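Report on the structure
The primary structure of each chain is shown beneath.
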Amino acid sequence: MRNSAPQLNNEIIGLVESLTNASGISGGEGEVRSIVVSQIKSHVDNHHVDALGNVLALRKGEGKDALRVMLSAHMDEVGGMILDIDQDGFHYFDVIGKVDKRQLIGKSVLVGTDHLPGVIGCKPIHLTKPHEMRQPVEINDLRIDLSPEGSGKAHPGDRISFSTRFTRNGAVMLAKALDDRLGVAILIDLVKHAPENIELLAAFTVQEEIGLRGARVAAYALNPQLAIALDATNANEMPAWDDSENIYYNSKIGHGPVIYVADGATICDPRLVRHAITIAERLGIPYQLRQPGTGGTDAGAIHKSRSGIPSLTISIPIRNIHTPISITHIDDFGNTIWLVKEMLASLDRSLLTSERA
Amino acid sequence: MGLLKVPGLSGYEKPVRLLIEDAWRPLVDCLSISKLGSLHGYKAGNGNLPRPSILISTHMDAIGLLVTGLTGGYIRFTKIGQVDPRSLPGQGVTIHGRKSVPGVIVMPPARLLPPGYGEKPVEIQYLLIDTGLPHETLENTIRVGDLISFSQQPLQLTDDIIAGHSLDNRASVAALTLCLEELHSHSPVWDVWAVASTQEEEGGVGAYTSGFQLKPDLAIAIDVTFAHSPGTPDTGTFPLGGGVTIGWGASIHPGLTAAFRDLADRLEIPYKLEIIPHRSGTDADGLQMTAEGIPCMLISIPIRYMHTPVEMVNMRDIHRAGRLLAEFIIQLTPNFMEQLVWKD
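All chains use their own residue numbering, which begins from 1 and follows the written sequence. Labels are handed out in written order, letters beginning with A for the chains and numbers beginning with 1 for the ligands. The predicted origin of the model limits local features to residues at a pLDDT of at least 70 and limits the giving and counting of side-chain atom pairs to 80 or more, whereas totals for whole chains, interfaces and linings rest on all residues.

Helix and strand labels come from DSSP, where a helix needs a run of H or I of at least four residues and a strand needs a run of E of at least two; each type is numbered from the N terminus. Looking only at helices and strands, chain B has eight helices and 17 strands in total. For the radius of gyration, the atoms used are the C-alpha atoms, and the globule rule reads 2.2 Å times the number of residues raised to 0.38. Taking 344 residues into account, the globule formula puts the C-alpha radius of gyration at 20 Å, and chain B, at 21 Å, falls close to it. With respect to the principal axes defined by its C-alpha atoms, chain B has extents near 70 × 40 × 40 Å. When the 344 residues of chain B are sorted by exposure, 55% land in the buried category. C-beta atoms are first placed from the backbone for all residues, and any pair lying within 7 Å is then listed as a contact. Partitioning the intrachain contacts of chain B with sequence separation of at least 6 by distance along the chain shows that 75% fall at a separation of at least 24. Comment: burial labels come from other C-beta atoms within 10 Å of the residue's own C-beta, placed from the backbone, where a count of 20 or more is buried, 12 or fewer is exposed, and between is partly exposed.

So, in structure tokens, the structure goes:
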């Protein structure tokens, strides 16, 4: 199944590396935005940064009435923000986006635009009572420690990202913020190699992790005829504690791009779902359907924009989403690029007038 | 910093031992390895034979994890040494199988755990390691008993402050190395045995077996102690960068505590007295009871977040510990042992 995956060049893997090593917490996407703009500016007919910080770009197609297709990928990642400093020089913080408090202890972090190195520690086990170990540590009881000399350099409002560096182990990539820098990398690649039959409206969005906020205004501004959100979704494949089968896995790595039928924010346009499946099966591109459930992507905001926009989400499956280290399979990344390109290349205006279901 | 990048789990200290051998080789007369893997560096004194000898022990092993099984493409594991499972989810690791494999510790969601977990911390037997590799590849690469170390890279926070895994007890290894460097330009009267001991985190086995083999007249353990950090009690913890601690308690000879305090005062090396009511939980406990008994001392370096992958130390405290040890050895006279009496 995997032998058909397209070979990816070092350039795009290098792009994933620089995108995932960059910090871009919701509302502070500047580092990612800089990479995006420098990557796309010579390949688009125009681009601008809007009021929220979205990067909106247009690449014209052939002919006057090319279908206007919006593709979105969110630049922001989950993280945190410094709230205050205590009397001993340690920093209170809160998380931004859905981060489980149990993922925070013992991690190294980068604070602010200067990437000040810091750590989140905990009381040594030798000084911890057994009953304390049975309770989670609340975020309010954790601190960011920049060391006694470093503590004066950070300020309330500084954003915090995990300090994880990209690692590759054969076909496996380990990094933070694979959600959704993989989507950002794919959208950059699409901008560079867009099919000529469509007008590509690329939206590199902000604030997805705190409520799909960038996509909402991006969709209004771009006013597309249809939209595809490119995102990352959890591959929650581990067995249960007693080794029984886990039937709620959401998606699986190594099984191809994840096509959404419905999540917590969107019922995807059935014609677009069918189109994706048809193309994948015709070309032998591996794909999987996401188990319908909770969660949301930019499509959740886009499909409700203006008078309604037919929308679909396609995600790359990743393990351990919203934690310091996520894992993805390089073939899923390559096959997603392949599938989305082929879907766009064979998009026909008739899809929009065909019967929905 | 190099010391913080290599593994050296209790009982499997070779990777770190090789680094220490390289650092000590030019500083000592000979190196040898004990039956349990401890590294002995010998530096002959210039006094008349038979010369007294002093042993300085710093354990080089670190806490870590061990593979207990493979399940559905994931790895189950247990711990070596004391590890708070609450510090594990999301932690990067290296599994030392037939090849080194990068992975991450994952916390299954509540519905994959026994009933009643909710948002409670997940115990170590239910945590898993994810490598992203298919089950068949794992079966060919990793098996039960393989070692797992933390892959957290060392961090330089400021000029003096570093953080990383295994500062317990690599901070002390660095201090002992600095001590040997300082001794290199001096000719102490006493013989010196520098020992990088094994298996401290599993009961101090390396230190007391080396003590038995080398039979020193005095022994000093150098280890880490608790620095103030959020949530720690006010007593029994020490300021990071505020100096070393000089131990006082049953496992320490009171004459040595007095001698070290006098020396530190004279040299104006900042220190705190560390009160140790029971056993110290360091190499000193075992060394004291070796053979017919050895007068022991414990010098400690305060670190924050002990036994997490983000332990933090101030390099100035490491330098202070190295200097204090070296100066103590340099001023030892041939008849020091006769002065070390119980003042009852």
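The rest of the description comes next.
Bringing the domain arrangement of chain A into the picture now. Interface size is commonly expressed as the accessible surface area that is lost when the partners come together. All names here are of chain A. Each domain's extent is set by a domain assignment, obtained either automatically or from a database. Considered domain by domain, chain A is made up of domain 1 (2–77 + 176–353) and domain 2 (79–162). Taking only C-alpha atoms into account, the centre of domain 1 sits 32 Å from that of domain 2. The interface of domain 1 with domain 2 comprises eleven residues on the first partner and twelve residues on the second. Partitioning the side of domain 1 that touches domain 2 into residue classes produces three nonpolar, five polar and three charged. Throughout, the ten residues Ala, Val, Leu, Ile, Met, Phe, Trp, Tyr, Cys and Pro are labelled nonpolar, Asp, Glu, Lys and Arg are labelled charged, and all others, Gly among them, are labelled polar.

So, about the nonpolar core. The term nonpolar core refers to a group of buried residues, namely Ala, Val, Leu, Ile, Met, Phe, Trp, Tyr and Cys, whose C-beta atoms join them within 7 Å. A:Val184, A:Leu187, A:Ala276, A:Val340 and B:Ile129 are the most contacted members of the largest nonpolar core, which totals 114 residues. Here this core gets nine residues from one element, more than from any other, and that element is helix α4 (residues 178–192) of chain A. Ignoring any residue separated from it by four or fewer positions in sequence, one finds A:Val184 in contact with A:Leu19, A:Val32, A:Val36, A:Ala73, A:Met75 and A:Phe204. By size, the runner-up hydrophobic cluster in this structure holds 96 residues, among which are A:Cys122, B:Leu287, B:Ala321 and B:Leu324.

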